Amino acid sequence: MMLTRFLFERIDRGGWVFLVLLGLAAVLVPVLNLAVPPGSMFHVSNTAVGLWGKYMTYALLAIAVDLVWGYCGILSLGHGAFFALGGYAMGMYLMLQIGPRGVYAHPTLPDFMVFLNWTELPVAWWGFSSFPYAMLMVALVPGLLAFVFGWFAFRSRVTGVYLSIITQALTYALMLAFFRNDMGFGGNNGLTDFKDILGFNIQSQTTRAVLFSLSVLALMAGYLVARAIVTSKAGKIIIAIRDAEPRTRFLGYRVENFKLFVWTVSAVMAGIAGALYVPQVGIINPSEFSPANSIEAIVWVAVGGRGTLVGAALGAGLVNFAKSWFTGAFPQGWLFALGGLFIFVTLFLPKGILGTFTDWWKRRGESRKPPTASPASQPAE
Amino acid sequence: MNASTRSGLDSGSGTLRPCSPPPAARDKDIGPIRALSAFLVAALAAFVLILAGPARAQDHAALVQRFATESFNDIAGAVNGLATSGSPRAAPVIEALRDGRLVYRAGDRQVFIRRPDNSFVNALTGEPAADVGTTRPVRLNNNVRRAIDAAVGALSLLHPDPARRTSAAEAVFKSRDSAALAALDAAIGQERDPRIRKLMEEARAAVVVANPQAAEADRIAAIGIIQRRGDQDALAMLGSLPATTPPLVREAAESAAVGIRRTLAVWEAGQNVWHGISLGSVLLLAAIGLAITFGVMGVINMAHGEMVMIGAYTTFVVQQTIRTVAPGLMDVSLFIALPMAFLVAGAIGVAIERLIIRHLYGRALETLLATWGVSLVLQQAVRTWFGPTNREVTTPSWMSGSIEIGHLAITANRLAIIVFAIIVFAALLLFLKRTPFGLQTRAVTQNRRMAGAMGIRTNWVDAFTFGLGSGIAGLAGVALSQIDNVSPNLGQAYIIDSFMVVVFGGVGNLWGTLVAAMTLGIANKFLEPYAGAVLGKILLLVFIILFIQKRPRGLFALKGRAVE
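Residues numbered from 1 in each chain as written. Chains lettered and ligands numbered in written order. Predicted model: local features only at pLDDT ≥ 70, side-chain atom pairs only at ≥ 80, totals over all residues.

1. Details of helix α18 (residues 436–446) of chain B
Residue and element names in this part refer to chain B.
Alright, step 1. Of all the positions in α18, only Q440, T441, V444 and T445 are classed as buried. All buried residues of α18 fall inside an arc of 140 degrees around its axis, so they share one side.
Alright, step 2. Residues of α18 that are buried make contact with α13 (247–297), α17 (412–434), α19 (448–453) and α20 (458–480). (Buried ≥ 20, exposed ≤ 12 C-beta atoms within 10 Å, placed from the backbone. Helix = DSSP H or I, 4+ residues; strand = E, 2+ residues; numbered from the N terminus. Arc of directions from axis to C-beta. Contact = placed C-beta atoms within 7 Å.)

Here it is, written out as structure tokens:
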């Protein structure tokens, strides 16, 4: 079988550990949450399910960022835009599911449109009451935007800092646009007050547990796709582009096509992460587009270890766990900690936690065994 | 005292103007004030007499007596008559009437002003009157109140304070009340300030144009005067002619309105350019330091906005210190703040370079992340130290106010910032072109390794450039503290725009930054009226994203092998 061959040949040991742990979490967490009574020490609280579900979607975003940054050398300061666009697509579906249960009890229009005295659904909202269409849009809208943006940018050989800055301009422009009421996406309040998804009550604990499991599954799928790309032949070229773009071009590869492919796949992944994020937190608003959010996603990857995929997911979990803890314990201290983390990781842990750990593990193994030549793959600049 | 007088006690008793001495001062007999007021009264009376002849004095007596009535029409007539009489005693009477303090004795039709302390003065002579007996207040209705408002306007036309005369003329221009014509004529005759006289003539023209009884030729001539005025008010005036206006006058008004609109459009474009240059120079100040560091080191300093913020906070601290130590120096506080801000921000910049960026040499994208971390730490540090709220920065007196050139309003602080941006730009240009260090900096910008091979200490150049760029950001902060809120988020507001300026202008030379800043500033201000502020900004961002596709290294890119 292709799949089993893929699994056994392309997934390394760390990847297996990652997948098995995630698989266990996908099954155990809902069971421990729903079936074990709240008094028991094995019970997983409802808050924890929501929180960790959110982290899973962040981890998927981090893998998307790692795919372009860690393997292709494109530092995107605008991946939050794709995440938010996926989130908005999901939010629009959820908005239309409210139906006549809104405050103004309008049969079709969401509350904010009634408030703005609109009489019919804007064209951009058509079809979003259908779940399959909305899911198509979750992938299509970020994918299409990334494709068009990348098509122009990579073809004109916009690279390095210039590319980073215009990706930031992209997400900033989108943020300003979504803040406008007449864009038709709820202005600065965004979309919220969701009632149900596919007929299931979005507040019920069962739905939330299922959403958690789905997020974990999406994360596993995202990891497998990313892994499949980076271990393929095309993946080798993508890594070559990261390490020496002009040289790869001179060897005859169409650099821009490879970049465009990775870039678009990554954007779709980010969009799916956003779509899973929205029903779990219950709101999507334009601040998700803010450039600071995208940069925070970069730091998850940097902390976990860029170019490792598993590390990116790990970094997303760790940083966000620290954030939840800090904002509870020392609300003043979080920005100090985050800023310090940026500086510390770039200065002292350029390979991130996982990269540093892997190096240490290898060296330990080598010192035990009689030395053999090991071709350590160094991600160069 | 009867009930109706007592009810008058409750009404407010503001004074209208110090044209004649307030009665209280007279009673207490304060020498110089009395002499001065006597002189003023005499002077006013003198030219009133010159203007109108002695007949007016008797008119005044008759007019004041007309208040002693129950008929609203008579009262309104008396107000109108008094206003145009030019009598120095007119204002206190009308003012007292407005405040409900004008009373009369029914028996002998004597009119009195009741003062706030409940004593009375004779309205005719201004002498204190004891033992007034039973009085009734002069009654008011809306008609009378309108007459009072017009009268107050007419009296202000003769006021010694030029500002009062100006606003009175403007008020007549807007009200176009034909009752004010006589007062206007009198005022024009004696006005010596040409600007105010012009205003009065325009006001007179407005009255004539609006007056259906005036001759057609007069009205058309008056339209000419209004067209020469040529602002929005003139346009509104010409657009609001009543339907009964004769066609000839109407035609003249319409063609004048077309002419005014054409001139106004030109002025408006000029105003947009001015606003654009003003915004452009702010962007230039914020971005030029960024451009230098980016040019030399190839790294974008994400903490640049925080350097601007630190400059602004330095201004705040300097002003606080001056306020406690030497309040007299407040007007020159900015000149003390400028070098301080340069040094503080520059020192922090050098520290960042030595401690962090030096270790990330050649890893531009990592530098971007590390400086972002620095920006978060600096922001939070300032927030912890100074608090999250806006800090008050004083604007020196020479930077407030505005001048008008034609229909162009130029505020002094914006002008100062433009001049400052030009000075900074010129100084930097001179520095880079004329000093040995500038030469070395340019060499490193063009080809770092070759410059190193020629014996330039590139790491010194790096540290120095970073300090210089940060120092200039500090200077920008001093300037921005005058037009923006000094808060920990100050830098964030400008950083993305600064990036845009840098990537748009390229790093080839400083002129690129100048052209980019001005282009973005002016384009922004021209898009604003059509697209709105937010949409205008979005359009510009999209434009830059597209522009970068055409010229991936900005407008003024370095050419040659040095680039890759």
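2. Side note on the nonpolar core
Soluble, globular proteins show a tendency: their nonpolar side chains are buried together.
Alright, step 1. Judged by nonpolar contacts, the single largest core of 193 residues is most densely connected at A62, I63 and I166 of chain A.
Alright, step 2. If one sorts the elements of this core by residue count, helix α3 (residues 46–72) of chain A sits on top with 17 residues.
Alright, step 3. Not counting the four nearest positions on each side in its chain, I166 of chain A is found in contact with A153 and V158 of chain A together with V503, I545 and I548 of chain B.
Alright, step 4. The next biggest cluster of nonpolar side chains, apart from the first, holds 64 residues, and it includes V79, A91, I223 and V249 of chain B. (Core = buried A, V, L, I, M, F, W, Y, C linked by C-beta atoms within 7 Å.)

3. Re the packing of helix α9 (residues 181–190) of chain B against helix α10 (residues 194–210) of chain B
Residue and element names in this part refer to chain B.
Alright, step 1. Where α9 meets α10, the axes come as close as 10 Å, and the angle between the chain directions of the two elements is 155 degrees. Relative to α10, the element α9 is oriented roughly antiparallel. In the packing of α9 onto α10, the handedness of the crossing is left-handed. Between α9 and α10, the contacting residues are L181, L184, A187 and I188 on the first element and R197, M200, E201, A203, R204 and V207 on the second. (Axes fitted to C-alpha atoms, helices over the stretch in contact; angles between N-to-C directions. Parallel < 35°, antiparallel > 145°, perpendicular 65-115°, else oblique. Left-handed = near helix turned anticlockwise from the far one by under 90°.)

4. Details of the sheet that holds strand β5 (residues 136–137) of chain B
Note: strands within a sheet are paired through backbone hydrogen bonds, in either parallel or antiparallel orientation.
All names here are of chain B.
Alright, step 1. Strand order across the open sheet formed by five strands is β4-β3-β2-β1-β5, with antiparallel pairing between neighbours. The sheet is open, and its two edges are formed by β4 (128–129) and β5, each paired on a single side.
Alright, step 2. Here two bridges tie strand β3 (residues 120–122) to β4, and the two strands are oriented antiparallel to one another. The residue of β4 that forms the bridge with F120 is A129. (Pairing = 2+ DSSP bridges.)

5. Quick word on the environment of F420 of chain B
Alright, step 1. Structurally, the position occupied by F420 of chain B is in helix α17.
Alright, step 2. Distance from F420 of chain B to L285 of chain B, taken between C-alpha atoms, is 8.8 Å for residues 135 residues apart in sequence.

6. A few points about the interface of chain A and chain B
Alright, step 1. Counting residues at the interface gives 38 residues for chain A and 36 residues for chain B.
Alright, step 2. At the level of elements, α6 (131–155), α7 (160–179), α12 (291–304) and α14 (333–348) of chain A are the ones that each hand at least two residues to the side of chain A that touches chain B.
Alright, step 3. With 13 residues, α7 of chain A is the largest single contributor of residues to the side of chain A that touches chain B.
Alright, step 4. Per-class residue counts for the side of chain A that touches chain B are 27 nonpolar, eight polar and three charged. (Nonpolar A, V, L, I, M, F, W, Y, C, P; charged D, E, K, R; others polar.)

7. Focus on the packing of α7 of chain A against helix α23 (residues 533–550) of chain B
Alright, step 1. Packing of α7 of chain A against α23 of chain B leaves a shortest axis separation of 9 Å and a crossing angle of 155 degrees. By the criterion of interaxial angle, the relationship of α7 of chain A to α23 of chain B is roughly antiparallel. Like other packed secondary-structure pairs, α7 of chain A and α23 of chain B cross with a definite hand, here left-handed. Of the residues in α23 of chain B, those touching α7 of chain A at Y162, I166, A169, L170, Y172, A173, L176 and A177 of chain A are V534, K537, I538, L541, V542, I544, I545 and I548 of chain B.
Alright, step 2. Partitioned by chemical class, the residues of the contact of α7 of chain A with α23 of chain B number 15 nonpolar, no polar and one charged.

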